[in-house]
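Structural description and commentary
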Amino acid sequence: MIGIVDYGMGNLFSVSKALERLQTEFIISDDPAELAKADGIILPGVGSFRDAMMLLERKKLATFLKNHVDKGGFLLGICLGMQLLFEESEENGPAKGLSLLPGKVVRFSGRDSKNNAYKVPHMGWNKLTFNNHSPLLKGLEEDYVYFVHSYFVVTNETEVVAASAKYDVDVPAIVAKDNVFGMQFHPEKSGSMGMSLLKNYLSLVKGRQ
Amino acid sequence: MLTKRIIPCLDVKEGRVVKGVQFVSLRDAGDPVELAAFYDQEGADELVFLDISASHEGRETMVDVVRAVAGSLAIPFTVGGGINSLEDMKRILRAGADKVSLNTSAVLRPELITEGADYFGSQCIVVAVDARWDETLGSWRVYTHGGRRATDWEVIAWVKEAVNRGAGEILLTSMDNDGEKQGFNLALTKAVSESVSVPVIASGGAGSAAHFEEVFTTGKADAALAASIFHYKETSVKEVKSFLKQKGVVVR
């Protein structure tokens, strides 16, 4: 069973609908005791990093997520949920993240190296480039997925970045380290490619049961 | 590289898809859920549903439509029409839409944009702008109420205001070009796209695949929206995309 973390940030409906289509059982909850019953966790989220962390702390979900990962449980962060896995974000002044992965979250500058303006947010379909082997990419070919975000992850540990997308810079799109995963784009909105990626995550969770 | 998006638009009235030509004369064109699935298969990058129901019952029906579409569609979709309050946004977004589009209500009360952006994030808030060339203004004027009412806003001033208030995307319709199938309004689209930092969806005037190429290159649009040429199968999303690929425009 999958536990979707409901901490009041963003659209859980489309994630849950995607799981329904994949015929996966899930619960949606903000209660660590409830979520502890799940085999794998999905942390969705859109909105502000600082607000999200505040809510996760207040509902004791931050501690729960860290413990869940420590015990070897699988965790998938989507969009803001992926950014929260890292150490800190510069959004609305520096804010601490869950620190499950090394790196920080910064804003797209909106100016390329030649000082030409480009659009922020990074919104729309962009192609994944696979950088490192990851069980999430099993059986898949590089394809387009749907992004909507103004901030992106910067990390020195390149082996964490399983796939990236080019938008002025190389944007980490799929991150993976042991049992912790993140997708900067919205797999639940990314057509068949997105569904395949979710399916691979669900298989991993299932494999551990 | 980020692709240019092709977005079919479906006008929904009392739960059924209809299409207006230059905002009048409607023709029934089908079931929203079926059409959504069809366009997803065709390679549409997103969909826009515009609720043109006038009645309260029609609005309630729209929430059911949104829920049904969200349950079956794996690409993003936006819902516009009759969204006048934060409560309306909540109903539509919680039913599973990815974005809401504000038009008249945003002009009447620009704070609504900020309220939506603060609550859901800018990425959920599209501001739709109906613009028509105005000789006395020497620019395009913003219209509301389905194009029936002129406002005091000049289009560039209004889109800047909308973005400052938290709009995450601009859906720009040229009333001069809409329904004519002679191509998008390139000058208008370029002017708006260059004056805001957020993506711009061009709308109004699509008649052929070549029109899409123009609006992405000359018009600097990030996305392009069309309705009747897709609904009446004058061309298809697939055809438009293969044409764009040949011309070197990056599409999915």
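Chains are numbered independently. Their residues run from 1 in the order of the written sequence. Throughout, the order in which chains and ligands are written sets their labels, letters from A for the former and numbers from 1 for the latter. Confidence filtering applies because this is a predicted model: local features only for residues at pLDDT of at least 70, side-chain atom pairs given and counted only at 80 or more, and all residues used for totals across whole chains, interfaces and linings. Each side-chain value is worked out from all heavy atoms of the structure, with water and hydrogens disregarded.

**Thoughts on the environment of A:Pro172**
Residue and element names in this part refer to chain A. Each helix is a run of DSSP H or I of at least 4 residues and each strand a run of E of at least 2, with the numbering of both proceeding from the N terminus. Mapped onto the elements, Pro172 comes out in strand β13 (residues 169–177). We call a residue buried when its accessible area falls under 20% of the maximum for its residue type, exposed when it is over 50%, and partly exposed in between, using a 1.4 Å probe and counting protein chains only. By relative accessible area, which is 6% here, Pro172 ends up buried. Sequence separation between Pro172 and Asn131 is 41 residues; the distance between their C-alpha atoms is 9.9 Å. Once residues lying within four places of it in the same chain are set aside, the contact partners of Pro172 are Met82, Phe152, Val153, Val161, Ala163, Ser164 and Gln184. By definition, residues are in contact when any of their heavy atoms lie within 4.5 Å.

**Considering the sheet that holds strand β7 (residues 104–107) of chain A**
All names here are of chain A. Taking strand neighbours across the sheet as the criterion, the four strands line up as β6-β5-β7-β11 in an open arrangement whose pairing is mixed. Each having just a single partner strand, β6 (95–96) and β11 (151–154) make up the two edges of the open sheet. The pairing of strand β5 (residues 88–89) with β6 spans two bridges and is classified as antiparallel. When the bridges of β6 are listed, Ser89 appears paired with Ala95. If DSSP finds at least two bridges between two strands, the strands pair.

**A short note on unusual backbone geometry**
A cis amide bond links A:Val120 with the next residue in sequence, A:Pro121, at an omega value of 10 degrees. Position of A:Pro121 among the secondary structure elements: in the loop between β7 and β8 (122–127). Unlike most non-glycine residues, B:Glu14 shows phi in positive territory, near 45 degrees. Within the fold, B:Glu14 resides in the loop between β1 (5–13) and β2 (16–21). The backbone of B:Lys181 shows a phi angle near 60 degrees, a positive value even though the residue is not glycine. Topologically, B:Lys181 is positioned in the loop between β10 (169–174) and α7 (186–195).

**Considering the packing of helix α6 (residues 155–164) of chain B against α7(B)**
All names here are of chain B. Remark: α6 packs on α7, axes separated minimally by 10 Å, with the N-to-C direction vectors making an angle of 35 degrees. Of the two possible hands of crossing, α6 and α7 adopt the one that is right-handed. Of the residues in α7, those touching α6 at Val155, Ile156, Val159 and Lys160 are Leu188, Ala191, Val192 and Ser195. Tallied by class, residues from the contact of α6 with α7 come to six nonpolar, one polar and one charged. Throughout, an axis means a line fitted to C-alpha atoms (over the contacting stretch in the case of helices), and angles, computed between N-to-C directions, take values from 0 to 180 degrees. It is the rotation of the near helix from the far one that decides the hand of a crossing: anticlockwise by less than a right angle makes it left-handed, clockwise makes it right-handed. Residues were grouped as follows: Ala, Val, Leu, Ile, Met, Phe, Trp, Tyr, Cys and Pro as nonpolar; Asp, Glu, Lys and Arg as charged; and all remaining residues, including Gly, as polar.

**Considerations on empty space enclosed by the protein**
Residues and elements named next belong to chain B. Whether a set of points on the 1 Å grid over the protein atoms alone is a cavity depends on a 1.4 Å probe fitting there but being unable to get out, while an open set qualifies as a pocket with protein on both sides within 12 Å along at least five of seven lines; lining residues are those with an atom within 4 Å of a point. Grid points are joined across faces, edges and corners, and a volume is the space filled by probe spheres set on the points. The final tally for this structure, using the stated rule, is one cavity of 30 Å³ or more. By volume, the largest cavity amounts to about 60 Å³. Together, Asp51, Arg59, Met62, Val79, Gly80, Gly81, Gly82, Ile83, Asp88, Arg91 and Ile92 line the largest cavity. Going through the elements one at a time, α2 (56–72), β5 (77–80) and α3 (86–94) are the ones with two or more residues in the lining of the largest cavity. With three residues, the single largest contributor to the lining of the largest cavity is α3. In terms of residue class, the lining of the largest cavity is built from four nonpolar, three polar and four charged.

**Description of α2(B)**
A helix is expected to span 1.5 Å multiplied by its residue count minus one. Between its terminal C-alpha atoms α2(B) stretches 25 Å, which fits the 24 Å expected from 17 residues at 1.5 Å a residue. Looking at the buried residues of α2(B), the elements they touch are α1 (12–21) of chain A together with β1, α1 (32–42), β4 (47–51), β5 and α3 of chain B.

**Brief notes about the nonpolar core**
Nonpolar cores are built from buried Ala, Val, Leu, Ile, Met, Phe, Trp, Tyr and Cys residues. Side-chain atoms within 4.5 Å join them into one set. The biggest cluster of nonpolar side chains holds 79 residues, and the ones touching the most others in it are B:Phe49, B:Phe77, B:Val155, B:Ile170 and B:Phe212. Filtering out sequence-adjacent residues up to four positions away, B:Phe77 remains in contact with A:Lys189, B:Leu47, B:Phe49, B:Val66, B:Val69, B:Ala70, B:Gly96, B:Ala97, B:Asp98 and B:Lys99. Counting residues in each nonpolar core, the second largest holds 35 residues, with A:Val145, A:Phe147, A:Ala163 and A:Met183 among its members.

**Notes on the interface of chain B and chain A**
Opposite the 36 residues of chain B that make contact, chain A presents 23 residues. For salt bridges, the criterion is a side-chain nitrogen of Lys or Arg within 4 Å of an Asp or Glu carboxyl oxygen. For the interface between chain B and chain A, the tally reads two salt bridges. B:Asp98 is paired through a salt bridge with A:Lys189; the nearest N and O atoms lie 3.0 Å apart. Any pair of nitrogen or oxygen atoms within 3.5 Å is treated as a polar contact; in protein, a donor-acceptor pairing is required on top of that, and neighbouring residues in sequence qualify only through side-chain atoms on both sides. Summed over the shared surface of chain B and chain A, the number is 14 residue pairs in polar contact (both at pLDDT 80 or more). Mapped by element, the contributors of at least two residues to the side of chain B that touches chain A are α2 and α3 of chain B. Broken down by element, the residue count for the side of chain B that touches chain A peaks at four residues, all from α2(B). Classifying every residue of the side of chain B that touches chain A by side-chain character gives 18 nonpolar, eight polar and ten charged.

**Re the pattern of salt bridges**
A full pass over the atoms with the stated rule returns 25 salt bridges over all chains. One continuous salt-bridge network, built from bridges that share partners, spans B:Arg5, B:Glu46, B:Lys99 and B:Glu169.

**Some details on the side chain of A:Asn200**
Residues and elements named next belong to chain A. Along the chain, the position of Asn200 falls in helix α6 (residues 191–208). On the basis of relative accessible area, Asn200 is assigned to the buried category, the value being 15%. At 2.7 Å, the side chain of Asn200 and the backbone oxygen of Leu136 are in polar contact. Once you skip the residues sitting within four places of it in the chain, Asn200 turns out to touch Pro135, Leu136, Leu137, Lys138 and Leu140.

**Some points on the sheet that holds strand β1 (residues 2–5) of chain A**
Residues and elements named next belong to chain A. Reading across the sheet, the eight strands line up as β2-β1-β3-β4-β14-β13-β12-β9 and stay open at both edges, with mixed pairing between neighbours. Two strands in the sheet have a free side with no partner beyond their single neighbour: β2 (26–29) and β9 (129–130). Direction of pairing for β1 relative to β2: parallel, over a ladder of four bridges. Each residue of the ladder has a partner; that of Gly3, found in β2, is Ile27.

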